[in-house]
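These are the residues of each chain, in order.
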Amino acid sequence: MSGRGAEIDRATGETDVSLRLTLDGRGEGSRETGVGFLNHMLDLLARHGGLDLDVKVNGDLQTGAHHTVEDTGIVLGQALDRALGDRAGIVRYGHAVIPMDEARAGATIDVSGRPFCALSGLERLQPGEIAGFDHDLAEEFFRAVATNARLTLHLDLQTGTNAHHMIEACFKAFARALRAATAVDPRETRVPSTKGTLT
């Protein structure tokens, strides 16, 4: 299970994303997306997810942050998918409920090979933006990651009034659930599925 990592470069007419990921990390790396709040969220995703993560994005921010946020999620998902390989020896399932002051979010993950993203409670976020990050881009990010990593993700923003805290709780819950689900299970040498595959 050593060397669980991936490096992906993806260029389109809207963004140029370079990303390097190590699953068994310590939160190290640099995040430079041009969107300050997204950098902050990726910093805590790396730290609480136990990932080493380097991200460099050049995006068409003159049109807003949508393409940058979504494409970063796409590439992160692709890197997770590649780093996990055939999924042999992983725990597979992860769950976390995280408070952030008055906010609280829960995430449940199955590294299933079947892309699915169920988001609830994000309607609690009022329209607005934080450091160039529109609140509704949180949904775009998580959908992009789940789809491209081929995860089943259930994310529930349970309560909160401060948008920064609410989005941060979502990212931290996702990070902790991902860390649990992708961890190496010392008792499992095969793919954790009765059908024999999670790809």
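The rules behind the values
- Residues numbered from 1 in each chain as written.
- Predicted model: local features only at pLDDT ≥ 70, side-chain atom pairs only at ≥ 80, totals over all residues.
- Heavy atoms only, no water.
- Axes fitted to C-alpha atoms, helices over the stretch in contact; angles between N-to-C directions.
- Helix = DSSP H or I, 4+ residues; strand = E, 2+ residues; numbered from the N terminus.
- Parallel < 35°, antiparallel > 145°, perpendicular 65-115°, else oblique.
- Left-handed = near helix turned anticlockwise from the far one by under 90°.
- Contact = heavy atoms within 4.5 Å.
- Expected span 1.5 Å × (residues − 1).
- Buried < 20%, exposed > 50% of the residue type's maximum accessible area, 1.4 Å probe, protein only.
- Pairing = 2+ DSSP bridges.

1. Describing the packing of helix H3 (residues 137-149) against helix H4 (residues 163-182)
Then, number 1: Viewed as axis vectors pointing N to C, H3 and H4 meet at an angle of 15°, and their least axial separation amounts to 11 Å. As judged from the angle between their axes, H3 and H4 are roughly parallel. When you trace H3 past H4, the crossing you get is left-handed. Residues Ala138, Phe141, Phe142 and Val145 of H3 lie in contact with H4, whose contacting residues are Ile167, Cys170, Phe171 and Phe174.

2. Things to note about helix H2 (residues 66-84)
Then, number 1: Between its terminal C-alpha atoms H2 stretches 27 Å, which fits the 27 Å expected from 19 residues at 1.5 Å a residue.
Then, number 2: The element H2 is extensively covered by neighbouring structure, given that 14 of its 19 residues are classed as buried.
Then, number 3: Where H2 terminates, the next one or two residues include Gly85, which has phi positive at roughly 60°.

3. Concerning the sheet that holds strand S3 (residues 31-32)
Then, number 1: Strand order across the open sheet formed by four strands is S1-S2-S4-S3, with mixed pairing between neighbours. Of all the strands in the sheet, the pair left with one neighbour each is strand S1 (5-11) and S3.
Then, number 2: Here strand S2 (residues 15-22) pairs with strand S4 (residues 52-59) via eight bridges, running antiparallel. Residue Val17 lies in a different strand from S4, and its bridge partner there is Val57.
Then, number 3: H2 rests against S1, S2 and S4 of the sheet, and its axis sits at about 145° to S1.

4. Some details on the environment of Leu155
Then, number 1: Checked against the element boundaries, Leu155 lands in strand S10 (residues 152-159).
Then, number 2: On the accessibility criterion, Leu155 (2% relative accessible area) is buried.
Then, number 3: The spacing of Leu155 and Asp101 is 54 residues in sequence and 18 Å in space, taken between C-alpha atoms.

5. Remarks on unusual backbone geometry
Negative phi is the rule for most residues except glycine; trans is the rule for most peptide bonds.
Then, number 1: Residues other than glycine seldom take positive phi values, yet Arg87 does so here, at roughly 70°.
Then, number 2: On the accessibility criterion, Arg87 (0% relative accessible area) is buried.
Then, number 3: One non-glycine residue, Ala131, lies in the positive phi region at around 50°.
Then, number 4: Counting through the fold element by element, Ala131 comes out in the loop between strand S8 (129-130) and strand S9 (133-134).

6. Describing the side chain of Glu168
Then, number 1: Here Glu168 shows up in helix H4.
Then, number 2: Contacts of Glu168, omitting those with residues within four sequence positions, involve His40, Met41, Leu44 and Met100.

7. Looking at the sheet that holds S10
Then, number 1: Reading across from one edge, S5-S6-S10-S7 is the order of the four strands in this open sheet, with mixed pairing throughout. Each of the sheet's edge strands pairs with one partner strand only, and the pair in question is strand S5 (93-100) and strand S7 (116-120). Recorded for the sheet is a direction-independent mean angle of 10° between the axes of neighbouring strands.
Then, number 2: Along the sheet face, H3 touches S7 and S10 and points at about 155° away from the line of S7.
Then, number 3: Each of S5, strand S6 (103-110) and S10 touches H4; the most contacted strand, S5, lies at about 150° to it.

8. Quick word on the pairing of S10
Then, number 1: As paired elements, S6 and S10 share seven bridges and run antiparallel to each other. When the bridges of S10 are listed, Thr108 appears paired with His154.
Then, number 2: Here S7 runs beside S10; their pairing, made up of five bridges, is parallel. Bridge pairing links Leu119 to Leu155 in S10.

In short, shape yes, function no, at least from these values alone.
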